[in-house]
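# Observations on chain architecture
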Amino acid sequence: MTVTLEVSDNVGTIRLDRPPMNALDVAVQGRLRELAEEATRREDVRAVILYGGEKVFAAGADIKEMQEMDHTAMVLRSKALQDSFTAVARIPKPVVAAVTGYALGGGCELALCADYRIAAENAKLGQPEILLGLIPGAGGTQRLARLIGPSRAKDLIFTGRMVKAEEALTLGLVDRVVPAAEVYEQAHAWAAQLAKGPALALRAAKESVDAGLETDIDTGLTVERNWFAGLFATEDRERGMRSFVEEGPGKATFR
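Please read all numbers here as calculations on a predicted model, not as lab measurements.

### A few points about the packing of helix H9 (residues 199-213) against helix H10 (residues 217-230)
Orientation of H9 relative to H10, taken along the N-to-C sense of each, is 170°, at an axis distance of 9 Å. Here H10 runs roughly antiparallel to H9, going by the angle between their axes. Facing H9, whose interface residues are Leu200, Arg203, Ala204, Glu207, Ser208, Ala211 and Gly212, H10 presents Gly220, Val223, Glu224 and Trp227.

This is the structure in structure tokens:
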């Protein structure tokens, strides 16, 4: 398989494995969508890691495959491409990207689908589609601008330049830079910590933030209010508050 889902201690790792550069061809895109939907369904998956291995996250789309497509073919294909990435972005659980080596084009767009990004010191990220006479087509023009702001996103998209890990950190494109040998370990620690948290409250937090970014503040506040009140019907809320009163903060065990 070019993409797999491995689960350990309630952490699911979606692993790209298409040597040498994890090019995101049609088959990989379809598999990503399948496994994102599986991770969404499975109760034993409480948090997710996106990982391309020790050497490269994903160097982008399969250019040779795309070169054979004409306008009609891409009209038919482009929504499926976006849908595969959207399925990852909509996993209702914490998702962290463990970025090593190159994360370019579709690889960068895949990392943008995560809630948090941990990058290796040797990582290089970018949206080089303009160098092919194209623009990002798997969410890059939308998610990148929302993450780092429109002017910074336009600079990367207009120029197609790659940025090293430290600049990516400064831009807000990644959230942490660590030695390459520690990327997966630290991503797993982040995911494992959250896998022990209150699953429905984490889902509520993620959906409230994401939905709020897509709408006006009044609608976003309504989403937040509905989730906030709804969580008072959960056992985890009862356990969390009881533990806080009896033992102090941060000691609750959630189910």
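### Description of the state of the cysteines
Under the defined criterion, the tally for this structure stands at zero disulfides. Free cysteine: Cys108, not disulfide-bonded; nearest cysteine sulfur from Cys113 at 10 Å. Take Cys108: its relative accessible area is 2%, and that puts it in the buried class. Under the relative-accessibility criterion, Cys113 is labelled buried at 3%.

### Comments concerning the pattern of salt bridges
Using the criterion set out here, one finds 14 salt bridges in the structure. For Asp83, the salt bridge identified is with Lys79, shortest N-O distance 2.9 Å. With Asp83 and Lys79 both in helix H3 (residues 71-89), this residue pair falls four residues apart, about one helical turn. The class of Asp83 is partly exposed, set by a relative accessible area of 21%. Connected through salt bridges with shared partners, the residues Arg33, Glu37, Lys79 and Asp83 form a single ionic network.

### What to know about the sheet that holds strand S9 (residues 176-178)
Strand order in the open sheet made by the six strands is S1-S2-S3-S4-S6-S9, with mixed pairing throughout. For this open sheet the edge positions go to strand S1 (3-8) and S9, each flanked by a neighbour on one side alone. Adjacent strand axes in the sheet meet at a mean angle of 20° when their direction is disregarded. The pairing of strand S3 (residues 47-51) with strand S4 (residues 95-99) spans four bridges and is parallel. Of the residues in S4, the one forming a bridge with Val48 is Val95.

So, how was this worked out
- Residues numbered from 1 in each chain as written.
- Predicted model: local features only at pLDDT ≥ 70, side-chain atom pairs only at ≥ 80, totals over all residues.
- Heavy atoms only, no water.
- Axes fitted to C-alpha atoms, helices over the stretch in contact; angles between N-to-C directions.
- Helix = DSSP H or I, 4+ residues; strand = E, 2+ residues; numbered from the N terminus.
- Parallel < 35°, antiparallel > 145°, perpendicular 65-115°, else oblique.
- Contact = heavy atoms within 4.5 Å.
- Disulfide = S-S within 2.5 Å.
- Buried < 20%, exposed > 50% of the residue type's maximum accessible area, 1.4 Å probe, protein only.
- Salt bridge = Lys/Arg side-chain N within 4 Å of Asp/Glu carboxyl O.
- Pairing = 2+ DSSP bridges.

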